Amino acid sequence: MDNNESIAPLLPLHSSSPTQLPAGISSWLSKKTIFVVAGPLLCAAIIAFVQIDGGGASRNTLAALAWIFFWWITEAVPVPVTSLSPLFLFPILGVMDAEHVARSYMNDVISLVLGSLILALAVEHYGVHRRLALQITAAFCGEPLKPRLLLLGICSTTAFLSMWMSNMAATVMMMPVATGVLQRLPSGSGGDPAISGFYKAVVLGVIYSATIGGISTMTGTGVNLILVGMWESYFPDRKRIGYANWSAFALPLALLIFLSLWGLLCFFYCPSSSGTRLAAYLDRENIKRELELLGPTSFEEKMIFLVFGGLVALWMTRSITNDIPGWEVLFHGRVGDGTVSILMATLLFIIPNKKQRGEALMDWNKCKKLQWSIILLLGAGFAIADGVRLSGLADLLSRSLTFLQKVPYLGVAPAVCLITSIMTEFASNNATATLVLPLLIQLANTLNVHPLLLMVPGGIGAEFAFLLPTGTPSNIIGFTTGHIEIKDMIKTGLPLKLAGIGAMALLMPTLGEQPVYKSVVWIRGVNGSDMIQTRIYLGKLII
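Residues numbered from 1 in each chain as written. Predicted model: local features only at pLDDT ≥ 70, side-chain atom pairs only at ≥ 80, totals over all residues. Heavy atoms only, no water.

So, the overall build of the protein chain
What the protein chain contains, in helices and strands, is 24 helices and two strands. Each of the 543 residues in the protein chain was classed as buried or not, and the buried ones make up 52%. Considering only contacts within the protein chain whose residues lie at least 6 apart along the sequence, 76% involve residues at least 24 apart. Surface exposure of the protein chain reaches about 24,500 Å², of which carbon and sulfur atoms provide 65%. (Helix = DSSP H or I, 4+ residues; strand = E, 2+ residues; numbered from the N terminus. Buried < 20%, exposed > 50% of the residue type's maximum accessible area, 1.4 Å probe, protein only. Contact = heavy atoms within 4.5 Å. Areas by Shrake-Rupley, 256 points an atom, 1.4 Å probe, with all protein chains shown as cover.)

Things to note about the packing of aromatic side chains
For the structure on display, the rule yields 10 aromatic pairs. With a centroid separation of 4.8 Å and an interplanar angle of 40°, the aromatic rings of W231 and F235 are classed as tilted. We classify W231 as buried; its relative accessible area is 3%. Residue classification places F235 among the buried positions, given a relative accessible area of 3%. Between F267 and F268, the ring centres sit 5.2 Å apart and the planes meet at 70°, which makes this aromatic pair edge-to-face. We classify F268 as partly exposed; its relative accessible area is 27%. (Phe/Tyr/Trp six-rings, centres within 6.5 Å; stacked < 30°, edge-to-face > 60°.)

Notes on the pattern of salt bridges
Overall, the coordinates contain four salt bridges when judged by the stated rule. Between D488 and K200 there is a salt bridge; the shortest N-O distance is 3.5 Å. Highlighted residues: D488 in helix α24 (residues 486–507) and K200 in helix α11 (residues 193–215), separated in sequence by 288 residues. Salt bridges here are not isolated pairs; linked through shared partners, they connect E359, D363 and K366. (Salt bridge = Lys/Arg side-chain N within 4 Å of Asp/Glu carboxyl O.)

Concerning a nonpolar patch on the surface
A contiguous nonpolar patch, built from I486, I490, L494 and L498 and spanning about 340 Å² of accessible area, is present on the exposed surface. Here I486 lies in helix α24. Accessibility expressed as a relative area gives 39% for I486, which makes it partly exposed. (Patch = residues over 30% accessible without salt bridge, like charges linked within 9 Å, V, L, I, M, F, W, Y side chains within 5 Å.)

Considerations on helix α22 (residues 452–461)
Residues spaced three or four apart along an α-helix point in a common direction, a consequence of the helix completing one turn every 3.6 residues. Among the 10 residues of α22, 10 are classified as buried, and the element is accordingly described as predominantly covered. Those residues of α22 not exposed but buried are L452, L453, L454, M455, V456, P457, G458, G459, I460 and G461.

Points about the nonpolar core
Side chains of nonpolar character tend, in soluble globular proteins, to be buried together. Counting residues in each nonpolar core, the largest one holds 126 residues, and the members touching the most others are F198, F249, L253, L348, L454 and I460. In terms of residue count, the dominant contributor to this core is helix α13 (residues 243–269) (13 residues). Each residue touching I460, except ones within four places of it in the same chain, is listed here: I215, W246, F249, L253 and M504. A76, A380, A383 and I384 belong to the second-largest nonpolar core, a separate cluster that totals 27 residues. (Core = buried A, V, L, I, M, F, W, Y, C linked by side-chain atoms within 4.5 Å.)

Things to note about the packing of helix α12 (residues 222–234) against α22
Across the interface, α12 lies against α22 with an axial gap of 10 Å and an inter-helix angle of 160°. The angle between α12 and α22 places the two elements in the roughly antiparallel class. Regarding α12 and α22, the two cross each other, and that crossing is right-handed. Counted together, V223, L227, M230 and W231 of α12 and L452, M455, V456 and G459 of α22 form the full contact between these two elements. Along the lines of polarity and charge, the residues of the contact of α12 with α22 split into seven nonpolar, one polar and no charged. (Axes fitted to C-alpha atoms, helices over the stretch in contact; angles between N-to-C directions. Parallel < 35°, antiparallel > 145°, perpendicular 65-115°, else oblique. Left-handed = near helix turned anticlockwise from the far one by under 90°. Nonpolar A, V, L, I, M, F, W, Y, C, P; charged D, E, K, R; others polar.)

This is the structure we're talking about:
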C-alpha cells in the first residue's frame, strides 16, 4: 500500500455536525406538539391547584375553558376541531350531560346560518356578487372621475354584500373587484402620494366596510348570531330579537360608522386634489368593459336574485314591531328565522337551471365548500355559554366587572363597548363575544338593568377589530395585498374604533331602548329573581 495513501479512521475523531435527535423524537418536540400538550396540562393544573368559591362545577368549567381558549388562540389543532371539544370536555368534567351539550350545536340560529351559507355558495357559484359589485361601482365612478365618489361606491358595495354573507366572504368577493380597479394605476408609485394613498384607501375601505356592513343585519356576522342565540338561551320566555328589530337599530349605527370610515379615508388618503392625478388611469369605461364581458343576466342569476330577495323579505316581515305582528302569527310563533333560511335554501335544490336538463340550481357537490367551521364555532359558543351559566362560573366572573356599578348610566354602554373592542384585537370576534356575553348578562342582574343594555354594546364592540392584521380574517386578506401596513391600520382604525364607540353611546340610550306605558317594568332575572326597571325609554327597536 502506498505510504502516501490516507487511511480513514474507524471512528471519527471530531463530530462534523451537531448531535441530532432521532427523527421520531424531534417530530414530537415541535412547537405545535408543545401547544397541544399544554392545553390539557393547563386544564389539569387548574383542577388540581385552583380553588374558587363556586365549587367543583365552576372550577371544572374554568379548566375546560382554559383548555379550549388556549387551543383556539394558539391554533394547536384546527379551530373547528377545537370547537368540538366541549362535546367531550363538559360531560367528562361534570359541567353538563352529553345530551345537553349536543343540543347546543343545532338550534334555530345555527339553522339560519346553515341556510345562509348555502345561499352564499349559490351567489358565488353563479357570479351574482361580481355582477352586482361592478354595477354599483360603475354607478359611483363619476364623469369626470371623482375618486372620493368611486371610493364610496366600492365601500358601500362591500358593506351591502357583507349584510347578507360573512365578512370574510364579502371581502374575498370584493377585493378582486377593488384591486381590478387599482390595476390600471401604475405600480410602485410610492413617490406619488395621490396614487399610493388611493391604493391604501381602497384596501382599507374594503376590509373595514365588510366589518361595518356585517353589523347591520342579524346574519351579517357570527357575533350577532351568538348574541341573539344567548339571549334566547338565557331568556327563553322573553320576546325574541327579530330580524327587523335588529336592523332597525343596527342599520343606523352601521351607517354612522360607515360615514365616519369614508370621512377618515378621504381625509387621510384621498384629498380632493387627487382627482386630476388619477383621471389619467381610471375611468368608467374600464368597469363597463368588465360588465360587458359578463354578458346578459342569465336565468340562473335571476332565480338566485329572486330566492335571495324572498329570503330577505321573509326575514324582515316575520316579526315587524311589538304592535304590528308579522306573518309568524299564522303559525302561532312556532317558526323562526332559521325555518325560513332552510326553506329558501331547499328551493335552490329544486328550481331547475337551463344549462343542463334535469339539473337544479344547486346540488350537494356544490356545497363541498360549505363553511362548517362557522357552524361548529357557533355551536361551541352556545355550549360554552350554557356551561358558564349552569355551573355558576358566570356569577363569579361577573364580579370582576362590578366596577361598572360606579359608571354613570349613559357611560355603561361605551365602557362595555370599549372593553370588548380592546379584547377583540387579541382574540377572534366570536371567541370574545362567547367569553364576555355571559358575564355581561350576570352583571346586568347585579346592576338591575336590562341585559341587552350590556349585551348589545358588548357584542357589537367585539366586532371593532380595526387595529391589527390578525384581528379578523378580512384584515388578513387586506394586509396580504401588500398595499397597506400596520401603521396604516392603526392610523385609520383607532379613530374609527372611537367613532364606533361614540355612535354606540349615542344610539343605545335612544334607538336601542323600548318605550313603556308604565314607569316600572318587571324583568325576569338570570337566576329567576325579579329585576325592577324604572327608566322611561325613548326609542322602540331592540329592548
